[in-house]
Amino acid sequence: MKLKHYFQILAASIVLMSCITLYVTFQSHSTLFYVTEGFVVALLVYLGYFYRKTIRPYDTLVSGMELVRELDLTTRLAPSGQYETDVIVRTFNDLLNRLRNEHLKLEEQYSFLSLLIEASPMGIVQCDINGNITSMNPAAREMLSPTVEQAMRSLPLGDTTTVRIPGAPQLYRISHQSFPDRGYQHPFFLIESLTSEVRRAEKAAYERVIRMIAHEVNNSVAGIVSLMENGKLKMEDVDGASERLTALSEFVTRFADVVKIPQPQLQLCDLSEEVEACRPFLENLCQSAHVQLEFHLTEEAAPIRIDTILFQQVLINIVKNAVESIGEREGLITITYVPLQLTITDNGRGIPPSVAPHLFTPFFSTKPQGQGLGLLLIRDILTAHHCTFSLMTDPIDHLTRFTIQFPK
């Protein structure tokens with residue numbers, strides 16, 4: 001029961017007793033009646049004054065508490081004129097001002113943090129206390145994959161690991177951290193892409209290797225040319241020296257092509273038409289190896305912006321790798337294009353799980369005479385086109401697919 005109700009009961013009881021007293025005094029003595037009547041009137045006036053000074057300020061404070069409970073932090077209590085009550089009102093208003101300022105500060109910080117998380121290039125995945133994912137920012141949605149999720153599940157709290165996506169050039173660093181919230185530690189994951197940093201380091205490394213190789217080869221070539229010009233080589237050695245020079249030139253050129261890929265000259269075109277333009281060369285490449293080649297190209301118009309010359313180089317390299325993977329066996333290569341996605345499928349030897357993480361790594365090759373530059377060249381060209389791509393062997397149908405996703 002509220003305090004106001006207790007006051008009403010008290011006031012009703014006093015009025016009732018006063019009426020009884022007036023009635024009794026009226027029957028017994030007229031003077032006493034007038035005295036009692038004056039006392040009752042004074043008592044009623046005092047009750048009204050007491051209500052105005054006590055109960056009404058109390059109701060004001062209760063209303064203020066209701067506003068706080070409803071998170072209405074803009075309303076303030078007016079002074080009542082009662083000293084004790086006004087002390088409480090001033091304290092209440094001061095606390096309300098502080099609470100409003102803190103609430104506004106927290107809202108601004110939360111808004112800033114939300115914008116920062118949404119715009120961050122680092123993936124941020126928040127979890128509940130049971131480890132279930134509750135939210136993630138756009139960067140995390142792009143980076144999340146079964147490989148990344150598996151690494152997140154097995155990563156202990158406070159640890160960091162590096163994950164390379166099989167059959168793709170992406171490399172991620174994953175950190176497992178936590179933050180306190182209402183007395184509980186809530187885990188979260190930070191996913192950082194290391195692909196561009198690693199690519200720059202790799203590029204710097206193989207540029208140094210290429211410069212070293214070019215230096216050594218050029219020295220050898222210079223010596224041979226000097227001997228030939230001075231006539232110190234026998235005629236029978238000229239053909240061998242010429243062949244050696246040609247081989248060295250091709251060797252150096254293959255390395256140099258990797259570091260001097262031009263910037264793509266993008267133009268709007270139909271990818272199906274570009275694949276058709278490469279058909280004669282690709283068919284000749286496959287026929288010489290007794291490999292069947294099939295095309296499944298969409299007739300739907302979906303223009304994309306690519307450098308046609310660089311794209312043809314990528315397509316030829318992919319098909320050439322597929323032909324080499326098939327080897328002497330009867331093979332089939334299928335080129336499928338649906339809007340914004342090109343897939344080259346072959347039934348060759350496939351990619352072993354131990355090899356998949358090393359694909360697109362400079363100078364890595366499983367071929368005895370391979371230099372590890374083919375996939376590197378493909379990677380750099382597709383990356384310059386802002387394409388996402390992957391190369392992997394399906395464990396179910398054992399077919400190897402090189403999938404290229406073009407940007408919209």
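Quick summary incoming for the structure in this document. (Residues numbered from 1 in each chain as written. Predicted model: local features only at pLDDT ≥ 70, side-chain atom pairs only at ≥ 80, totals over all residues. Heavy atoms only, no water.)

## Details of the overall build of the protein
1) Next: A count of helical and extended segments in the protein gives 10 helices and 12 strands.
2) Next: Considering the protein as a whole, with its 408 residues, one finds that 34% of them fall into the buried category.
3) Next: Split by element, the accessible area of the protein, about 25400 Å² in all, is 58% carbon and sulfur. (Helix = DSSP H or I, 4+ residues; strand = E, 2+ residues; numbered from the N terminus. Buried < 20%, exposed > 50% of the residue type's maximum accessible area, 1.4 Å probe, protein only. Areas by Shrake-Rupley, 256 points an atom, 1.4 Å probe, with all protein chains shown as cover.)

## A word on the packing of helix α9 (residues 308-326) against helix α10 (residues 374-384)
1) Next: Direction vectors running N to C along α9 and α10 enclose 145 degrees, while the axes themselves pass 10 Å from each other. The way α9 lies across α10 gives a crossing that is left-handed. Counting all contacts with α9, which are made through Leu310, Gln313, Val314, Asn317, Ile318 and Asn321, the residues of α10 involved are Gly374, Leu375, Leu377, Ile378, Ile381 and Leu382.
2) Next: A per-class count over the contact of α9 with α10 returns 8 nonpolar, 4 polar and no charged. (Axes fitted to C-alpha atoms, helices over the stretch in contact; angles between N-to-C directions. Left-handed = near helix turned anticlockwise from the far one by under 90°. Contact = heavy atoms within 4.5 Å. Nonpolar A, V, L, I, M, F, W, Y, C, P; charged D, E, K, R; others polar.)

## A closer look at the packing of helix α8 (residues 271-287) against α9
1) Next: Where α8 contacts α9, the axes come no closer than 10 Å and their chain directions differ by 40 degrees. It follows that α8 is oblique to α9 by the angle criterion. Two packed elements cross with a definite hand, and for α8 against α9 that hand is right-handed. Across the interface between the two elements, Leu271, Glu274, Val275, Ala277, Cys278, Phe281, Leu282, Leu285 and Cys286 of α8 pack against Thr308, Phe311, Gln312, Leu315, Ile316, Val319, Lys320 and Val323 of α9.
2) Next: Classifying every residue of the contact of α8 with α9 by side-chain character gives 13 nonpolar, 2 polar and 2 charged. (Parallel < 35°, antiparallel > 145°, perpendicular 65-115°, else oblique.)

## Digging into empty space enclosed by the protein
1) Next: Scanning the entire structure with this criterion turns up 2 cavities of 30 Å³ or more.
2) Next: Lining the second largest cavity we find Ile306, Phe311, Val314, Ile381, Leu382, His385, Cys387 and Phe406.
3) Next: Here the lining of the second largest cavity is composed, by residue class, of 7 nonpolar, 1 polar and no charged. (1 Å grid on protein atoms, 1.4 Å probe; cavity = no way out; pocket = protein on both sides within 12 Å on 5 of 7 lines; lining within 4 Å. Points joined across faces, edges and corners; volume = space filled by probe spheres on them.)

## Describing the environment of Pro121
1) Next: Position of Pro121 among the secondary structure elements: in the loop between α3 (83-119) and β1 (123-127).
2) Next: Each C-alpha atom, one on Pro121 and one on Glu192, is 7.9 Å from the other, the two residues being 71 residues apart in sequence.
3) Next: Every residue in contact with Pro121, bar those within four places of it in the chain, is listed here: Ala139 and Met143.

## Topic: the nonpolar core
1) Next: One finds Leu315, Ile333, Ile335, Leu342, Phe402, Ile404 and Phe406 to be the most contacted residues of the largest nonpolar core, which totals 43 residues.
2) Next: The element contributing the most residues to this core is α9, with 9 residues.
3) Next: If sequence neighbours within four positions are ignored, Ile404 has contacts with Val314, Ile318, Leu340, Gln341, Leu342, Leu382, Cys387, Thr388 and Phe389. (Core = buried A, V, L, I, M, F, W, Y, C linked by side-chain atoms within 4.5 Å.)

## Focus on the pairing of strand β12 (residues 400-405)
1) Next: Across the two faces of β12 the burial differs, with Thr400, Phe402 and Ile404 buried and Arg401, Thr403 and Gln405 not buried at all.
2) Next: Here strand β10 (residues 341-346) runs beside β12; their pairing, made up of 6 bridges, is antiparallel. Bridging across to β12, Leu342 finds its partner in Ile404.
3) Next: In sequence, strand β11 (residues 388-393) turns back onto β12 through a hairpin of 6 residues, with His398 there showing a positive phi of about 60 degrees. (Pairing = 2+ DSSP bridges.)

## Focus: the pattern of salt bridges
If the charged atoms of two oppositely charged side chains come close together, the side chains can form a pair.
1) Next: Using the criterion set out here, one finds 9 salt bridges in the structure.
2) Next: Across the pair Asp94 and Arg98 runs a salt bridge whose closest N-O atoms are separated by 3.4 Å. Taken together, the positions of Asp94 and Arg98, both in helix α3 and 4 residues apart, correspond to about one turn of that helix.
3) Next: Note that Arg401 and Asp397 form a salt bridge whose closest N and O atoms lie 2.8 Å from each other. (Salt bridge = Lys/Arg side-chain N within 4 Å of Asp/Glu carboxyl O.)

## Considerations on α10
1) Next: The element α10 is largely enclosed, with a buried count of 8 among its 11 residues.
2) Next: Among all positions in α10, only Leu375, Leu376, Leu377, Ile378, Arg379, Asp380, Ile381 and Leu382 are buried.
3) Next: Just downstream of α10 lies His386, where phi reads positive at about 60 degrees.

## Focus on helix α5 (residues 146-154)
1) Next: Taken as a whole, α5 has its buried residues at Val148, Ala151 and Met152. Buried residues of α5 fall within an arc of 100 degrees about the axis and therefore sit on the same side. Those residues of α5 that are exposed and aimed more than 90 degrees away from the buried face are Pro146, Gln150, Arg153 and Ser154. (Arc of directions from axis to C-beta.)

## Focus: the sheet that holds strand β5 (residues 184-193)
1) Next: One open sheet holds the 5 strands; their spatial order is β2-β1-β5-β4-β3, and the pairing between them is antiparallel. Looking at which strands have only one partner, the edges of the open sheet turn out to be β2 (133-136) and β3 (160-164). The sheet shows a mean angle of 25 degrees between the axes of neighbouring strands, taken without regard to direction.
2) Next: Strand direction decides the pairing type here: β1 and β2, joined by 3 bridges, are antiparallel. Paired with Gln126 across the strands is Ser135, a residue of β2.
3) Next: Lying on the sheet, α5 is in contact with β1, β2, β3, β4 (171-181) and β5; it crosses β4 at an angle near 45 degrees.

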